[in-house]
Amino acid sequence: MRDIIVIGAGGLGREVAWLIERINLNRPTWNMKGYLDDKEDIIGKKVNGYAVLGNVSLIESFPEAFFVCAVGSSVIREKIVERAKRCNPLIRFATLIDPSVYVSKSVVIEAGSIICINSVVTVDIHIGEHVIINYGSTIGHDAKINDFVTLYPSVNVSGAVTIRRCSEVGVGSQIIQGKTINENSIIGAGAVVTHDVPKGSVVAGVPAKAINIKIKKEEA
């Protein structure tokens with residue numbers, strides 16, 4: 001079994017620890033060492049049975065381990081991964097797929113991505129690095145999900161959709177076939193996307209329309 005450390009001990013981090021447990025029940029694969037998290041008040045404590053080993057800068061202390069970044073915000077996740085790479089240029093990222101996921105052999109999934117329970121990923125799909133596909137989501141044929149995209153629970157992505165880097169798709173959203181969501185966009189919960197979404201947009205509603213909200217650039 002290979003050592004793995006989850007970056008982020010929040011809600012998604014705890015869900016990913018459970019995902020690792022589910023993988024191990026199906027086939028022993030990972031030795032969960034614990035979490036890294038920058039919240040000083042939880043360092044040294046246990047979260048759902050696993051120790052918070054220290055902050056993200058301690059990555060270099062675990063040269064043999066694999067890592068996965070379990071932070072929902074696409075922008076923050078990208079910053080954390082870049083910071084981790086600076087700490088250890090040879091860092092290895094795990095790809096985690098829940099045993100319940102249906103995924104065809106024609107799907108390409110890059111390092112650091114997470115696909116949660118009861119999702120379906122059909123055929124001829126490319127999923128980039130550090131993508132999070134949360135539980136109960138579906139992705140149709142020929143879709144392209146670029147690096148650092150987040151799909152929240154129960155998202156339906158139709159065939160030939162492209163979702164570009166660092167975009168987030170809210171709970172229960174639907175994207176009809178052939179549409180493109182450009183970089184750094186946010187799709188509101190329950191939205192139905194029927195048109196291409198310009199870079200840096202926030203859209204919501206049925207059908208989805210632009211709303212006047214400025215996207216906050218958060219720091220890692």
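Structure: above.
Criteria and thresholds
Residues numbered from 1 in each chain as written. Predicted model: local features only at pLDDT ≥ 70, side-chain atom pairs only at ≥ 80, totals over all residues. Heavy atoms only, no water. Pairing = 2+ DSSP bridges. Helix = DSSP H or I, 4+ residues; strand = E, 2+ residues; numbered from the N terminus. Buried < 20%, exposed > 50% of the residue type's maximum accessible area, 1.4 Å probe, protein only. Lys, Arg positive; Asp, Glu negative; His and termini not counted. Salt bridge = Lys/Arg side-chain N within 4 Å of Asp/Glu carboxyl O. Polar contact = N/O pair within 3.5 Å; in protein donor to acceptor, adjacent residues only side chain to side chain. Contact = heavy atoms within 4.5 Å. Core = buried A, V, L, I, M, F, W, Y, C linked by side-chain atoms within 4.5 Å.

A.B. asks: It is not clear to me how the pairing of strand S4 (residues 50–54) should be interpreted in this structure. Could you clarify?
C.D. replies: A regular strand places its side chains so that they alternate between the two faces of the sheet. Taken together, the two bridges between strand S2 (residues 30–36) and S4 define a ladder with parallel strand orientation. Across the sheet, residue Leu36 finds its bridge partner in S4, namely Gly54. Alignment of strand S3 (residues 46–47) against S4, held across two bridges, turns out to be antiparallel. Its bridge partner lying in S4, Val47 is registered against Tyr50. The antiparallel pairing of S3 with S4 creates a hairpin that spans two residues between the two strands, and Asn48 there sits at a positive phi of about 50 degrees.

A.B. asks: Honestly, the sheet that holds strand S14 (residues 138–139) in this entry has me stumped. Any pointers?
C.D. replies: Strands pair in a sheet through their backbones, by hydrogen bonds, and they do so in one of two ways: parallel or antiparallel. Read across the sheet, six strands follow the order S8-S11-S14-S17-S20-S23 without closing on themselves; strand pairing throughout is parallel. What marks the edges here is a single partner per strand, and that holds for strand S8 (102–103) and strand S23 (192–193).

A.B. asks: What am I meant to see in the sheet that holds strand S21 (residues 180–181) here?
C.D. replies: Strands sit in the order S9-S12-S15-S18-S21 across an open sheet of five strands; the sheet is parallel. Of all strands in the sheet, those bounded by a partner on one side alone are strand S9 (108–109) and S21. In terms of strand pairing, S9 meets strand S12 (residues 126–127) through two bridges, oriented parallel. Note that in S12 the partner of Val108 across the bridge is His126.

A.B. asks: Honestly, the side chain of Glu168 in this entry has me stumped. Any pointers?
C.D. replies: Mapped onto the elements, Glu168 comes out in strand S19 (residues 168–169). This buried residue, Glu168, is left without a salt bridge; Arg77 holds the nearest opposite charge, at 6.4 Å. Side chain to side chain, Glu168 and Tyr152 meet in a polar contact 3.0 Å long. Those residues within four positions of Glu168 in sequence are excluded, and the remaining contacts are Gly72, Ser73, Ser74, Val75, Thr150, Tyr152, Ser185, Ile186 and Ile187.

A.B. asks: Please explain the nonpolar core as it appears in this structure.
C.D. replies: One recurring pattern in soluble globular proteins: nonpolar side chains tend to sit buried together. Within the largest apolar cluster, 26 residues are counted, with the highest numbers of intra-cluster contacts made by Ile127, Ile139, Leu151, Val157 and Ile163. Not counting the four nearest positions on each side in its chain, Ile163 is found in contact with Lys144, Ile145, Asn146, Val149, Leu151, Val157, Val169, Ile175 and Ile181. If you look at the next biggest cluster of nonpolar residues, it comprises 24 residues, including Ile42, Tyr50, Val68 and Ile132.

A.B. asks: Can you walk me through the pairing of S2 in this structure?
C.D. replies: Across the seven residues that make up S2, a large majority, five, are buried. Here strand S1 (residues 2–7) runs beside S2; their pairing, made up of six bridges, is parallel. Opposite Ile5, over in S2, you have Gly34 as the bridge partner.

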